[in-house]
Amino acid sequence: MRVVLEFIGDKELHLPIQYNHIVQGFIYNSMTDGDFSAFMHDEGFKHGKRQFKLFTYSRLEGEFRLLKREDKILLKPPFKLTVSSPIDEFIYDISQNIFKKDFCVFNNQTFKLNSINIENPPIFRDKARIKFLSPVVTYSTIEDKGVRYTYYYSPWHDNFSELLLKNLLKKYEVIYGEEVKDPHFKLYPIGRENVKYQKIIKYKNTIVKGWMGIYDVECSPDLLKVAYYSGLGAKNSQGFGCFEIL
């Protein structure tokens, strides 16, 4: 399921430019089931040594101003947040709790819920054009001369689609308990590589490099559905890999 939440208020929302962890905290705090919230936060759904939280969310969408010298972003209400997950109870839980609240809190600032919309599922085909609502992230951990480091790929790298496919196959098996039939996935950037689409995010103490933009996708429809609801690429529960189908 996927829900779009719109918030209103009398004042601008003041956030640090690196605000992913604030939105993540808001989502976790909106869960009513403490045990389920702890499970989603601390454990997630396991696939071998990997763990998947199986939810993703967009950036906060609305009119904004950047105060780079103060390391702040100011959002003018109304602003929207999209939250998506293949775990229906997760979306139901946060939606019902947010709906019941008199106000919602972002970074110690209060705003009212103006609307809540459970989106109708799109038709998943083997070809689609998608637009990222939060940056897509793909990386490998590489060791060179005894030093381990994280290498982040761009969508123009040959390995990008292959790594996205491997990630999607694991998510599919976690959700459905079986392997997908005839899996394939290929992402095609529209236009030349442009650094303006690269977003360098500091999530807590970790630097993460991702990419926004519009892309064409050729994909098994079942895998596109998994990507749409759980997020494409890595670090989805930290606010990466959420997209819409155009």
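Residues numbered from 1 in each chain as written. Predicted model: local features only at pLDDT ≥ 70, side-chain atom pairs only at ≥ 80, totals over all residues. Heavy atoms only, no water.

As annotated in an unreviewed UniProt entry, the protein chain is CRISPR-associated endoribonuclease from Thermoanaerobacterium aotearoense SCUT27.

> What am I meant to see in the environment of Y57 here?
Tracing the chain through its elements places Y57 in strand β5 (residues 56-57). Side-chain polar atoms of Y57 contact the backbone oxygen of N20, separated by 3.2 Å. A distance of 3.3 Å separates a polar side-chain atom of Y57 from the backbone nitrogen of G239. (Helix = DSSP H or I, 4+ residues; strand = E, 2+ residues; numbered from the N terminus. Polar contact = N/O pair within 3.5 Å; in protein donor to acceptor, adjacent residues only side chain to side chain.)

> Just to check I follow, could you spell out the domain arrangement of the protein chain for this structure?
According to the domain assignment, the protein chain consists of domain 1 (2-119) and domain 2 (127-245). One C-alpha centre belongs to domain 1, the other to domain 2, and the line joining them spans 21 Å. Counting residues at the interface gives 23 residues for domain 1 and 29 residues for domain 2. Our count for the domain 1 to domain 2 interface comes out at zero salt bridges. (Domains from an automatic or database assignment. Contact = heavy atoms within 4.5 Å. Salt bridge = Lys/Arg side-chain N within 4 Å of Asp/Glu carboxyl O.)

> Looking at this structure, I do not really get unusual backbone geometry. What am I missing?
Comment: phi is negative for the bulk of residues other than glycine, and the bulk of peptide bonds are trans. At the junction of P77 and P78, the peptide bond is cis and its omega measures out at 0° in the coordinates. You can see P78 is positioned in strand β7 (residues 72-84). Unlike most non-glycine residues, L54 shows phi in positive territory, near 60°. Residue placement: L54 occurs in the loop between β4 (50-52) and β5. L54 gets classed as buried once you look at its relative accessible area, which sits at 5%. Its identity is not glycine, yet K204 carries a phi of approximately 55°, on the positive side. (Buried < 20%, exposed > 50% of the residue type's maximum accessible area, 1.4 Å probe, protein only.)

> Help me out: how do you make sense of the side chain of S85 in this one?
Locating S85 in the fold gives a position in the loop between β7 and α3 (88-100). Using a relative accessible area of 0% as the deciding quantity, one classes S85 as buried.

> Teacher, can you tell me more about the nonpolar core here?
Here is a general trend for soluble globular proteins: nonpolar side chains tend to be buried in one another's company. By size, the foremost hydrophobic cluster in this structure holds 33 residues, and its most contacted members are F7, I27, L60, V83 and F90. Mapped by element, the contributors of at least two residues to this core are β1 (2-8), β2 (13-16), α1 (20-29), α2 (34-42), β7, α3 and β8 (104-106). Dropping the residues within four chain positions of it, F7 is found in contact with F26, P77, P78, F79, L81, C104, F106, F111, K112, L113 and N114. Counting residues in hydrophobic clusters, the runner-up holds 27 residues, among them A128, V217, L223 and L224. (Core = buried A, V, L, I, M, F, W, Y, C linked by side-chain atoms within 4.5 Å.)

> Got a minute to help me understand the packing of aromatic side chains in this structure?
Aromatic ring pairs are described here by two measures, namely the spacing of the ring centres and the angle between the planes. Going through the model one piece at a time under the given rule, you end up with 19 aromatic pairs. With a centroid separation of 5.7 Å and an interplanar angle of 75°, the aromatic rings of F79 and F106 are classed as edge-to-face. Taken together, the residues F79 in strand β7 and F106 in strand β8 connect sequence positions 27 residues apart. The cationic tip of R2 hangs over the ring face of Y228; the distance from NZ or CZ to the ring centre is 3.8 Å. (Phe/Tyr/Trp six-rings, centres within 6.5 Å; stacked < 30°, edge-to-face > 60°. Lys NZ or Arg CZ within 6 Å of the ring centre and 35° of its normal.)

> Even after reading the chapter, I still don't get a nonpolar patch on the surface, so can you show me in this structure?
The grouping of I190, I214 and L246 at the surface amounts to a nonpolar patch, some 260 Å² of accessible area in total. Of note, I214 is situated in strand β16 (residues 214-219). (Patch = residues over 30% accessible without salt bridge, like charges linked within 9 Å, V, L, I, M, F, W, Y side chains within 5 Å. Areas by Shrake-Rupley, 256 points an atom, 1.4 Å probe, with all protein chains shown as cover.)

> Before we go on, may I ask you to explain the UniProt feature "domain: CRISPR associated protein Cas6 C-terminal" (unreviewed entry) in the protein chain in this structure?
When the UniProt feature table is mapped onto this chain, "domain: CRISPR associated protein Cas6 C-terminal" (unreviewed entry) is found at residues 121-245. Its end C-alpha atoms 10 Å apart, residues 121-245 is made of 22% helix and 35% strand. (UniProt positions renumbered as here; feature names shortened; annotations may be inferred.)

> Where do I start with the sheet that holds strand β10 (residues 127-132) in this structure?
Hydrogen bonds between backbone groups are what pair the strands of a sheet, and the pairing can be parallel or antiparallel. In space, the four strands of this open sheet follow the order β13-β16-β10-β17, with antiparallel pairing throughout. Lying at the two open borders of the sheet, with one neighbouring strand each, are β13 (185-189) and β17 (243-245). The mean angle between the axes of side-by-side strands here comes to 30°, regardless of whether they run parallel or antiparallel. Sheet topology note: the β10/β16 ladder contains five bridges and is antiparallel. What sits directly across from A128, in β16, is V217. Most of the contacts of helix α5 (residues 221-230) go to β17, to which it runs at about 135°, and overall it touches β10, β16 and β17. (Pairing = 2+ DSSP bridges. Axes fitted to C-alpha atoms, helices over the stretch in contact; angles between N-to-C directions.)

> Help me understand the UniProt feature "site: Transition state stabilizer" (unreviewed entry) in the protein chain in this model?
Within this structure's numbering, the places UniProt gives as "site: Transition state stabilizer" (unreviewed entry) are K53. The exposure class assigned to K53 is buried, which follows from its relative accessible area of 18%. Once you skip the residues sitting within four places of it in the chain, K53 turns out to touch Y28, M40, H41, E43, G44, F45 and S237.

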